[in-house]
Amino acid sequence: ACRDRYRTLFGEVPAKGTPHSEAKEVKSGNWGADEDNRLRNCKSKNGRPVCKEVDPETISFSDVARAVKTRSRLQCRRRWAELRGPAAPPSKKLDSASEKLSLCEALKASGATDESDVTWTSLGWDVPGAATACALSTWKRLKKAHGGGDDADFQEALDAVTSELQAEVDGGAD
């Protein structure tokens, strides 16, 4: 709260011991064309332009704010959402058994031994338009429904869910 307010007013929190007078002043009000261009030219964590990203978790808005130079990370996040506009496709929901199976296979390939070990932003599963939050929420629903509930062991739940989905896909009930 206090840190976010400071960042909104002055950008990133200066290093410990740096006087307040050396903090960067952040603009407010309307964005200029040059600021929009700097925002559009920034790259996400996976190297794509931020304006092409669907999932905000793949973007470090602190890095974007440093590149824009005149806005805070929160202002950059809001402007990014505005620039995406209504034309941006909504995050895809995983409906089919094959998409859910793809998620489980990516979880297995990640080598994670526990749900907390999974790096959801770099999972590398191939379902176009599906955001990271979609993967996590889908996994939690699958685990609860097919893998023994919230308290089930991660590996056991993953094996149970994967075998059920594989049987569903093999049976043609996609």
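You'll find the structure just up there.
Because the structure is predicted, anything quoted here is derived from the model rather than measured.

Undergrad: What should I look at first to understand the packing of aromatic side chains in this one?
TA: In this description, a pair of aromatic rings is defined by centroid distance and the angle of the planes. Evaluation of the coordinates by the stated rule reveals 2 aromatic pairs. Ring centres of Trp139 and Phe154 lie 5.6 Å apart, and the angle between their planes is 70°; on these two criteria the pair is classed as edge-to-face. Here Trp139 is found in helix α6 (residues 132-146), whereas its partner Phe154 is found in helix α7 (residues 154-170), with 15 residues between them in sequence. Looking at Trp139, the relative accessible area reads 0%, which means it is buried.

Undergrad: Help me out: how do you make sense of helix α2 (residues 33-41) in this one?
TA: One turn of an α-helix holds 3.6 residues; hence residues three or four places apart share an orientation. All of the buried residues in α2 are Glu35, Asp36 and Leu39. Down the axis, α2 shows its buried residues gathered within 100° of arc, on one side only. Among the exposed residues of α2, those pointing more than 90 degrees away from its buried face are Ala33 and Asn41. Buried residues belonging to α2 abut α3 (61-68) and α4 (73-84).

Undergrad: In this structure, what is going on with the pattern of salt bridges? I would like to understand it.
TA: When the charged atoms of two side chains with opposite charge come close together, those side chains can pair. This model, assessed by the stated rule, comprises 9 salt bridges. Here Asp63 ties to Arg66 by a salt bridge, and the two come within 2.5 Å at their closest N and O atoms. With Asp63 and Arg66 both in helix α3 and 3 residues apart, the pair spans about one turn of that helix. Residue classification places Asp63 among the partly exposed residues on the basis of a relative accessible area of 41%. Between Glu115 and Lys143 there is a salt bridge whose closest N-O contact spans 3.5 Å. Highlighted residues: Glu115 in the loop between α5 (97-110) and α6 and Lys143 in helix α6, separated in sequence by 28 residues.

Undergrad: Help me understand the packing of α2 against α4 in this model?
TA: In a packed pair of helices, the relevant descriptors are the angle between the two axes and the axis-to-axis distance. As a packed pair, α2 and α4 sit with axes 11 Å apart at the nearest point and diverge in direction by 85°. Classified by the angle their axes make, α2 and α4 are roughly perpendicular. Across the interface between the two elements, Asp36, Leu39 and Arg40 of α2 pack against Cys76, Arg79, Trp80 and Leu83 of α4.

About the criteria used
- Residues numbered from 1 in each chain as written.
- Predicted model: local features only at pLDDT ≥ 70, side-chain atom pairs only at ≥ 80, totals over all residues.
- Heavy atoms only, no water.
- Phe/Tyr/Trp six-rings, centres within 6.5 Å; stacked < 30°, edge-to-face > 60°.
- Helix = DSSP H or I, 4+ residues; strand = E, 2+ residues; numbered from the N terminus.
- Buried < 20%, exposed > 50% of the residue type's maximum accessible area, 1.4 Å probe, protein only.
- Arc of directions from axis to C-beta.
- Contact = heavy atoms within 4.5 Å.
- Salt bridge = Lys/Arg side-chain N within 4 Å of Asp/Glu carboxyl O.
- Axes fitted to C-alpha atoms, helices over the stretch in contact; angles between N-to-C directions.
- Parallel < 35°, antiparallel > 145°, perpendicular 65-115°, else oblique.

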